[in-house]
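# Report on the structure
The lines below spell out each chain.
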Amino acid sequence: MGDESKTWRVGIVGLNPIGLFLLEQFRLIPNVRVVGIYDRDPSRCHLANELDCRVWDHPAQAFSATDVDAVVLADQVSSESIAMGLQNGKHLVVDRPWGVSSREWRELSETAGRSSAQLTFVCLRRWSSDFPTVLVAMRSGRVGTLQSARYVSHEMCLASELAAPRFLTEIAFSLLDQLLLLTASNPKDVFAKRLGSAAGGEDTGLIATIEFENGCVAQIDLQSQSRLSQRTGWMLEGAQGSYRDDRLYTVTTDGEVIDEPLSPPNMPDNSFVRELVASWNGEASSLPSLTEAVRTVQLAEMIERSAERRDVVRS
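Residues numbered from 1 in each chain as written. Predicted model: local features only at pLDDT ≥ 70, side-chain atom pairs only at ≥ 80, totals over all residues. Heavy atoms only, no water.

### Here's the deal with the overall build of the protein chain
What counts here: Secondary structure counts use DSSP, requiring at least four H or I residues in a row for a helix and at least two E residues in a row for a strand, with both numbered from the N terminus. Each radius of gyration reported is based on C-alpha atoms, and the globular scaling rule is 2.2 Å times the count of residues to the power 0.38. The contact rule is simple, with two residues in contact once any of their heavy atoms fall within 4.5 Å. Only the protein chains shown count as cover for residues, with accessible areas throughout obtained via the Shrake-Rupley method and a probe of 1.4 Å. Neither His nor the chain ends is counted toward charge; the positive residues are Lys and Arg and the negative residues Asp and Glu. Where a charge lies is defined by one atom per residue type, namely NZ (Lys), CZ (Arg), CG (Asp) and CD (Glu).
What the protein chain contains, in helices and strands, is nine helices and 15 strands. Against the compact-globule benchmark of 20 Å for 315 residues, the protein chain has a radius of gyration of 21 Å, which places it among compact chains. Considered along the principal axes of its C-alpha atoms, the protein chain spans approximately 65 × 50 × 35 Å. A separation of at least 24 residues holds for 67% of the contacts in the protein chain among residues at least 6 apart in sequence. Accessible surface, the protein chain: about 15500 Å² in total, of which carbon and sulfur atoms supply 47%. The averaged location of the 42 negative side-chain charges in the protein chain is 3 Å from the averaged location of its 31 positive side-chain charges.

### Quick notes on the sheet that holds strand β15 (residues 313–314)
As a reminder of what qualifies: What makes two strands pair is DSSP finding at least two bridges between them. Think of each axis as a best-fit line through the C-alpha atoms, taken over the contacting stretch in the case of a helix, with angles from 0 to 180 degrees between the N-to-C directions.
With mixed pairing, the nine strands of this open sheet are ordered in space as β14-β13-β12-β11-β7-β10-β9-β8-β15. Edge strands, defined here as strands with exactly one partner in the open sheet, are β14 (257–261) and β15. Two strands pair when backbone bridges link them, and strand β13 (residues 247–251) and β14 are joined in this way by five bridges, in the antiparallel orientation. Of the residues in β14, the one forming a bridge with threonine 250 is isoleucine 258. Most of the contacts of helix α6 (residues 131–139) go to strand β11 (residues 225–238), to which it runs at about 25°, and overall it touches β7 (146–156), β11 and β12 (241–244). Along the sheet, helix α9 (residues 290–309) contacts β8 (187–196), β9 (203–212) and β15; its crossing angle with β8, the most-contacted strand, is approximately 55°.

### Topic: the pairing of β7
Looking at chain direction, β7 and β11 are connected through nine bridges and run antiparallel. Each bridged residue has a counterpart across the sheet, and for leucine 146 the counterpart in β11 is glycine 238. Bridging between β7 and strand β10 (residues 217–223) involves seven bridges; their strand directions are parallel. Residue pairing for β10: alanine 149 is matched across the bridge by alanine 218.

### Points about α9
We apply this condition: The span expected for a helix works out to 1.5 Å for each residue beyond the first. Residue burial is assigned from relative accessible area. The probe radius is 1.4 Å, only protein chains are included, and a residue is buried under 20% of its type maximum, exposed over 50%, and partly exposed in between.
The first and last C-alpha atoms of α9 sit 28 Å apart over 20 residues, in line with the 28 Å expected at 1.5 Å per residue. For α9, the set of buried residues is Leu290, Ala293, Val294, Thr296, Val297, Leu299, Met302, Ile303, Ser306 and Ala307. Just downstream of α9 lies arginine 310, where phi reads positive at about 60°.

### So, the environment of arginine 106
Along the chain, arginine 106 turns up in helix α5 (residues 102–114). Look at arginine 106 and you get partly exposed, because its relative accessible area is 41%. For the pair arginine 106 and valine 136, spaced 30 residues apart in sequence, the C-alpha to C-alpha distance is 30 Å.

### A look at the nonpolar core
Defined as follows: The nonpolar core is taken to be a set of buried Ala, Val, Leu, Ile, Met, Phe, Trp, Tyr and Cys residues, with the residues joined through side-chain atoms within 4.5 Å.
Within the largest apolar cluster, 36 residues are counted, with the highest numbers of intra-cluster contacts made by Leu146, Leu179, Leu182, Ile210, Trp234, Leu236 and Ile303. Broken down by secondary-structure element, the contributors of at least two residues to this core are α6, β7, α7 (164–183), β8, β9, β10, β11 and α9. Considering every element that reaches this core, the biggest residue donor is α7, with seven residues. Dropping the residues within four chain positions of it, leucine 182 is found in contact with Phe131, Val134, Leu135, Met138, Leu146, Trp234 and Leu236.

### Quick notes on the packing of aromatic side chains
Heads up, the rule is: Between rings of Phe, Tyr and Trp, where Trp is taken as its six-membered ring, a pair exists when centres lie within 6.5 Å; planes separated by under 30 degrees are stacked, by over 60 edge-to-face, and by other angles tilted.
By the definition in use, this model includes six aromatic pairs. Note on tryptophan 98 and phenylalanine 173: the rings are 5.1 Å apart at their centroids and 50° apart in plane angle, and the pair reads as tilted. Linking tryptophan 98 in the loop between β5 (91–94) and α5 with phenylalanine 173 in helix α7, this pair joins segments that are 75 residues apart in sequence. Here phenylalanine 173 falls in the buried class, since its relative accessible area comes to 4%. Geometrically, the ring pair formed by tryptophan 105 and phenylalanine 121 is edge-to-face, given 5.2 Å between the ring centres and 80° between the ring planes. Within this pair, whereas tryptophan 105 is found in helix α5, its partner phenylalanine 121 is found in strand β6 (residues 119–121), the two being separated by 16 residues in sequence.

### Some details on the pattern of salt bridges
Defined as follows: Each salt bridge in this description consists of a side-chain nitrogen of Lys or Arg and a carboxyl oxygen of Asp or Glu lying within 4 Å of one another.
Summed over the entire model, instances satisfying the criterion amount to 17 salt bridges. In this structure, the salt-bridge partner of aspartate 69 is arginine 9, at a minimum N-O distance of 3.1 Å. Note that aspartate 69 is positioned in the loop between α3 (60–64) and β4 (70–73) and arginine 9 in strand β1 (residues 8–13), a separation of 60 residues in sequence. The exposure class assigned to arginine 9 is partly exposed, which follows from its relative accessible area of 26%. Arginine 314 is paired through a salt bridge with aspartate 189; the nearest N and O atoms lie 3.4 Å apart. Placement of arginine 314 in strand β15 and of aspartate 189 in strand β8 is noted, with a sequence separation of 125 residues between them. For arginine 314, a relative accessible area of 58% translates into the label exposed.

Next comes the structure, spelled out in structure tokens:
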């Protein structure tokens, strides 16, 4: 157990939606104080007056500041900035880890191993209302060996609200992180296809089929310009049971299907941030690790290669 009385001094690089979200969450947590912010757009930094904190002219100032314990990289994510933070002993919270290649992450793992700082990642969907219930169902053993997993999300995202490529990249990465936790196996074969709009142009959809070493087959089907709105959440088929929509389905020896509702874990709204601060205090956590991030980036790269080649990619 660490020193829970310590006040953690945090710098935030990037006041994009994630940066602003974490800034507001930190303000609700005792023993955390935001001491500095940086954003490419100076007009966003008016929050400094409200927070009584500094505005940095360059993100590197967050890493060199002696009164900063941890830095949130919501923007300016690169192998150079991450290495600089680790070398200066700053705990790092990295958003958008797909901005760094798996090769670069493997090189950074050596720097992380020599640093006393903690490196973790923003994967807020691990703490969303649906996924903790899915994970509880899998880890209970009642689903059994996972045989198939499927996730469908068809939405009509307005271009002014969320551009299609960003929707596909961010949602797909979160789902890949979840999928690797559910399967507890390595991907073997991947086939992926990107879908375009009727008028051509940028990608508006992604379908990926992934076969894992343990025999599980998963499919992710995302569309950001669909007229048929649909979101299934995870649908799982296991050797002993099935899961969908917070319900566990099992079959009795007489062939009767039992439909059992599952109660979601009791989690506060700011579970991610509370667990993050607890980890800084030396407590055990289930935060995304560097190893998990590397595996997720590797899987994302396999999907990208398959979509470009229009062929199966093998690990």
